[in-house]
Amino acid sequence: MKYCYVDSPIGDLLLAGDESGLSLVGFPEGAMRREPDADWVCDESPFVAVRAQLREYFAGERKTFDLPLRLSGTEFQVRVLEELQRIPYGETASYSEIAERIGRPRAM
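These figures come from a predicted structure and were not determined experimentally. (Residues numbered from 1 in each chain as written. Predicted model: local features only at pLDDT ≥ 70, side-chain atom pairs only at ≥ 80, totals over all residues. Heavy atoms only, no water.)

What am I meant to see in the nonpolar core here?
Nonpolar side chains in soluble globular proteins tend to be buried together. Counting 9 residues, the largest nonpolar core is built from Cys-4, Val-6, Leu-13, Leu-15, Leu-22, Phe-47, Val-50, Leu-54 and Leu-67. Taken together, the elements giving at least two residues each to this core come down to strand 1 (2-6), strand 2 (13-18) and helix 1 (48-58). Contacts of Leu-22, omitting those with residues within four sequence positions, involve Leu-15, Ala-16, Phe-47, Val-50, Pro-68, Leu-69 and Arg-70. The next biggest cluster of nonpolar side chains, apart from the first, holds 5 residues, and it includes Tyr-3, Ala-16, Leu-24 and Trp-40. (Core = buried A, V, L, I, M, F, W, Y, C linked by side-chain atoms within 4.5 Å. Buried < 20%, exposed > 50% of the residue type's maximum accessible area, 1.4 Å probe, protein only. Helix = DSSP H or I, 4+ residues; strand = E, 2+ residues; numbered from the N terminus. Contact = heavy atoms within 4.5 Å.)

Encoded structure:
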């Protein structure tokens, strides 16, 4: 896994993944702190498009992202992540709405 950091208006962000896709966007500081694993390699090259699209987003010039993602987790978690990607810019969805959309209305 490769990683780098990017400055943003909401603080530094940790990006992780590889040439096949983005696996993680995390905060390297604060309560939800995420650090690179010991075997990760610092390399900005896989994140050129990610960094550009994040800059555009924070500048108000982008409302959707066009990036390859490497989703991971249980089958349920991946289905939730896929459904979250379908929420249009400026809209919200509750957890129960997401659960209903993926056919798991009792998931809580």
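What am I meant to see in the packing of aromatic side chains here?
One pair of aromatic rings is described through two measures. These are the centre distance and the angle between the planes. Per the stated rule, a full pass over the model turns up 5 aromatic pairs. Residues Tyr-3 and Trp-40 carry aromatic rings whose centres are separated by 6.3 Å and whose planes lie at 45° to one another, so their mutual orientation is tilted. Pair noted here: Tyr-3 is in strand 1 and Trp-40 is in the loop between strand 3 (21-26) and strand 4 (41-42), with a separation of 37 residues, a long-range link. Of the two residues, Tyr-3 and Trp-40, both sit in the buried class. Aromatic pair Tyr-57 and Tyr-89: ring centres 6.5 Å apart, planes at 80°, arrangement edge-to-face. With Tyr-57 in helix 1 and Tyr-89 in the loop between helix 2 (75-84) and helix 3 (95-101), the pair connects residues that are 32 residues apart, well separated along the chain. By relative accessible area, which is 32% here, Tyr-57 ends up partly exposed. (Phe/Tyr/Trp six-rings, centres within 6.5 Å; stacked < 30°, edge-to-face > 60°.)

Just to check I follow, could you spell out the pairing of strand 1 for this structure?
Two faces, one strand: in a regular strand the side chains alternate between the faces of the sheet. As paired elements, strand 1 and strand 2 share 5 bridges and run antiparallel to each other. Bridging from a neighbouring strand, Tyr-5 pairs with Leu-14 of strand 2. Between the end of strand 1 and the start of strand 2, which pair antiparallel, lie 6 residues, with Gly-11 showing a positive phi angle near 110°. Where strand 1 lies against strand 4, 2 bridges are found, and the strand directions are parallel. Looking across to strand 4, one finds that Lys-2 is bridged to Val-41. (Pairing = 2+ DSSP bridges.)

Keep in mind these values describe shape, not function.
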